Amino acid sequence: MEYVAYTLVVFVLATAVTTALLRDVLAAIIVFAAYSLGMALLYTLLLAPDVGLTEAVIGAGVTTILLLLTIAKTVRPSEGPNLERIDPRAAVACGALAVVFGLTLFELPAVGDPTSPILSYDAVTGYYLTESYEETHVKNTVTAVLAAYRGFDTFGEATVVFSAGVAVLVVLRREVFT
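Within every chain, residues take consecutive numbers counted from 1 along the sequence as written. Owing to the predicted nature of the model, reporting of local features is limited to residues with pLDDT of at least 70; listing and counting of side-chain atom pairs is limited to 80 or more, with chain, interface and lining totals taken over all residues. Hydrogens and water molecules were not included; the side-chain quantities draw on all heavy atoms of the structure.

Draft legend 1. Here's a closer look at the overall build of the protein. Numbering of helices and strands starts at the N terminus; helices are DSSP runs of H or I of at least 4 residues and strands are runs of E of at least 2. Each helix and strand counted, the protein has 8 helices and 0 strands in total. Along the protein, helices and strands appear, N-terminal first, in the series α-α-α-α-α-α-α-α. Expressed as a percentage of the 178 residues in the protein, the buried residues total 15%. Only carbon and sulfur atoms are counted for the fraction: they give 70% of the accessible area of the protein, which is about 13500 Å². Only protein chains enter the accessibility calculation, which uses a 1.4 Å probe; a residue whose area is less than 20% of its type maximum is buried, one above 50% is exposed, and one in between is partly exposed. Residue exposure ignores everything except the shown protein chains as possible cover, and the areas themselves are Shrake-Rupley values with a 1.4 Å probe.

Draft legend 2. Up close: the confidence of the model for the protein. Per-residue confidence from the predictor is reported as pLDDT, which spans 0 to 100. For the protein, per-residue confidence averages 81 on the pLDDT scale, and residues scoring 70 or more make up 89% of the total. By mean pLDDT, helix 5 (residues 117-120) is the weakest element of the protein at 68, and helix 1 (residues 2-21) is the strongest at 91.

Draft legend 3. Up close: a nonpolar patch on the surface. Residues form patches when they are more than 30% accessible in relative terms and have no salt bridge. Like charges link within 9 Å. Nonpolar side chains (Val, Leu, Ile, Met, Phe, Trp, Tyr) link within 5 Å. For this analysis, a salt bridge means a side-chain nitrogen from Lys or Arg found within 4 Å of a carboxyl oxygen belonging to Asp or Glu. Together, Leu-53, Val-57, Ile-58, Val-62 and Val-161 give the surface a local cluster of nonpolar side chains, amounting to about 400 Å² of exposed area. Mapping Leu-53 onto the fold places it in helix 3 (residues 49-72).

Draft legend 4. Examining the packing of helix 6 (residues 122-136) against helix 7 (residues 141-149) more closely. Every angle, taken between N-to-C directions, lies between 0 and 180 degrees, and every axis is a line fitted to C-alpha atoms, over only the stretch in contact when it is a helix. Contact pair helix 6 / helix 7: the axes reach a minimum separation of 9 Å and the direction vectors enclose 65°. With respect to their mutual orientation, helix 6 and helix 7 come out roughly perpendicular. Helix 7 is crossed by helix 6, and the crossing has left-handed handedness. Two secondary-structure elements touch here, helix 6 through Tyr-127, Tyr-128, Leu-129, Glu-131, Ser-132, Glu-135 and Thr-136 and helix 7 through Thr-141, Ala-144, Val-145, Ala-148 and Tyr-149. An angle counts as roughly parallel when it lies under 35 degrees, as roughly antiparallel when it exceeds 145, as roughly perpendicular when it falls between 65 and 115, and as oblique in every other case. Helix crossings get a hand from a simple test, with the near helix turned counterclockwise from the far one by less than a right angle marking a left-handed crossing and a clockwise turn marking a right-handed one. Contacts are assigned to residue pairs that have any heavy atoms within 4.5 Å of one another.

Draft legend 5. Quick peek at the packing of helix 3 against helix 8 (residues 151-171). Close contact between helix 3 and helix 8 brings their axes to 10 Å; oriented N to C, the two are set at 25°. Judged by the inter-axis angle, helix 3 sits roughly parallel to helix 8. Every pair of crossing elements has a handedness; the one defined by helix 3 and helix 8 is left-handed. Between helix 3 and helix 8, the contacting residues are Ile-58, Leu-66, Leu-69 and Thr-70 on the first element and Val-161, Ala-167, Val-168 and Val-171 on the second.

Draft legend 6. Representation of the side chain of Ser-132 within the structure. For Ser-132, the position within the fold is in helix 6. In contact with Ser-132, other than residues within four places in its own chain, are Tyr-127, His-137, Thr-141, Ala-144 and Tyr-149.

Below, the structure is given as structure tokens:
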């Protein structure tokens, strides 16, 4: 399974760099959709299927369709090179940031490690499991956490989805407000 994860990480990094360097907008959108799909698979592999599903729907699905509709209504330039010229200072800055992020990977616990802080510190998990019904009167603990304890975060996510819907309506030039 580790080989699959490493392969996905290499794929995601390659598609991210390719998306940033492509000058052709259509090609960049297609590669970005592949990036989003790779991230969705990686999230699912890291035991976060809810995040993976959201990435697949929003990133690979809605965003790709919205961007394709946008370029369908605009003119694509057909001249010039396909790749952007790389600025050496920006490349050094990105490389340094990647090294710093890479060094932090060795400090993270392995996926499913029983000694990881979130699993070994049962106070938070135990609190949610025992007190969520009393505090929220919601029978499902996951729903209680998402709707009550993480209400602002969930509201923010709903705002992003609403904004994406409004953007689609604007691009399609349809005003459907009741």
